[in-house]
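Now for the letters of each chain:
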Amino acid sequence: MRIAIDARGINWYHGTGIGTYTDNVIRNLLNINKENYYRLYWSDRNWEDFLKYNSNIIMTSKKHTRFFEQNYFNEDLHKANIDIYHVPQNGIGLNLEANCKKIITIHDLIPYVMPETVGTGYLLKFLKEVPSLIQNVDGIITVSEYSKKDILKFFPIDPEKIFVTPLAADGIYKPLDKKQCKEFITKKYNLDKPFILYIGGFSPRKNVKLLINSFLETFPLLKKDYILVIAGARKDLGEYLNKKYSNLSSKIVFTGFIPQEELPIFYNCCEAFVYPSLYEGFGLPPLEAMSCGAPVITSKVTSIPEVVEDNGLLIDPNDPNALEEALVKLLNDETLKQSFSEKGIQQASKFSWEQTAYKTLEAYNKVYNNSM
């Protein structure tokens, strides 16, 4: 097969779920699949790792995005005799007139399920473009069985058209020397107490307010002098929460932005990772935490149970009492923490980007063979 992939999201969405997904899927496809030809539409830097004997990099300009998406790509797909064109960023930017089989990755349907948590610009673009794409493309890749059910709930299409390819944690997320990790965090971030960790952004659907309020209710009941560490760039709600709880800085620490290479250190140091999200298409942070051996408390809704199964404490994210009880139960029981740490590592080992790439290749083959 001759496959083209819109790889611009690797740089455009770097540090987000879409950017991470696009990067890892393409890297692994190029490694596991030597027979097919890959044509990668690129923007900006860091293309060298993706130039292989069976791939070409086609540079594009972000300044002229509309021209490339509406004119250049379709002409190039035709001239290069492409069989399948894959657009990973929810299909945004795909011209349905392309003269080849078309596949998109739909990561979630948050704009439909929780539109109030999505920025206005993206919400309008999603609602305008994605329905037609879902109805008319030849194949849809999504990241969990739950997301597949969501797609089918809103769009009456053939279920066989949707392929589930679970995500994975990057290789940097693994157990590390805890003593060295703690020394690093104490020196750089002045965190010298046992802590509960949250990583995952400040969208309202992430439910950070519930976590803060539950911690404030429970920390007098905990056997250790725990603090709550909330990592991530402080934008909008994050900045508001930081200011609101500034008088509790000895108990709640907002770190601000943390470089990706330091995130595994935080996961390895924490006594527990808590992620009370209301909705996830997949939910990478709990998987990253389990990969590092952090005991996990997370939600029992949407796709998260597919990832965690019974290897963490699953709670109703709409019930404050449930999270408070889980915090006390886990943090006051060293044996339970150790058990979830070990089980989490085993569970996380079931997921890999190589497997994601193999499942993606299966989707390509099925779509291609349906056209023969």
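Use the structure listed above.
Attention here is on the structure that accompanies the text.

### Structural notes on the overall build of the chain
Line of reasoning, step 1. Within the chain, the regular secondary structure consists of 15 helices and 13 strands.
Line of reasoning, step 2. The C-alpha radius of gyration computed for the chain amounts to 22 Å, which stays within 12% of the reference 21 Å derived for 372 residues, consistent with globular compactness.
Line of reasoning, step 3. Dimensions of the chain, computed from C-alpha atoms along their principal axes, come out at roughly 65 × 40 × 40 Å.
Line of reasoning, step 4. Split into buried and exposed, the 372 residues of the chain put 58% on the buried side.
Line of reasoning, step 5. Considering only intrachain contacts with a sequence separation of at least 6, the fraction spanning at least 24 residues in the chain is 66%.
Line of reasoning, step 6. Of note, the chain has its 43 positive side-chain charges centred 3 Å away from the centre of its 44 negative side-chain charges.

### Some points on the environment of N71
Line of reasoning, step 1. Mapped onto the elements of the fold, N71 is located in helix 3 (residues 65–79).
Line of reasoning, step 2. The spacing of N71 and A98 is 27 residues in sequence and 9.7 Å in space, taken between C-alpha atoms.

### Considering the pairing of strand 12 (residues 296–299)
Line of reasoning, step 1. Relative to strand 12, strand 11 (residues 272–275) is paired through 3 bridges, and the arrangement is parallel. Directly across from V274, in strand 12, lies its bridge partner I297.
Line of reasoning, step 2. In this view, the connection linking strand 11 to its parallel neighbour strand 12 by way of helix 11 (residues 284–291) has right-handed handedness.
Line of reasoning, step 3. The sheet contact formed by strand 12 and strand 13 (residues 313–315) spans 3 bridges and is parallel. Pairing of S299 across the sheet is with I315, part of strand 13.

### Thoughts on the side chain of K148
Line of reasoning, step 1. Topologically, K148 is positioned in helix 6 (residues 145–154).
Line of reasoning, step 2. At 5.1 Å, E145 is the nearest oppositely charged side chain to K148, a buried residue that forms no salt bridge.
Line of reasoning, step 3. If near-sequence neighbours (up to four positions away) are discounted, K148 is found in contact with T142, P159, I162 and V164.

Scoring rules and cut-offs
Residues numbered from 1 in each chain as written. Predicted model: local features only at pLDDT ≥ 70, side-chain atom pairs only at ≥ 80, totals over all residues. Heavy atoms only, no water. Helix = DSSP H or I, 4+ residues; strand = E, 2+ residues; numbered from the N terminus. Rg over C-alpha atoms; globule rule 2.2 N^0.38 Å. Buried < 20%, exposed > 50% of the residue type's maximum accessible area, 1.4 Å probe, protein only. Contact = heavy atoms within 4.5 Å. Lys, Arg positive; Asp, Glu negative; His and termini not counted. Charge placed at Lys NZ, Arg CZ, Asp CG, Glu CD. Pairing = 2+ DSSP bridges. Right-handed = clockwise from strand over helix to strand, strands pointing away. Salt bridge = Lys/Arg side-chain N within 4 Å of Asp/Glu carboxyl O.

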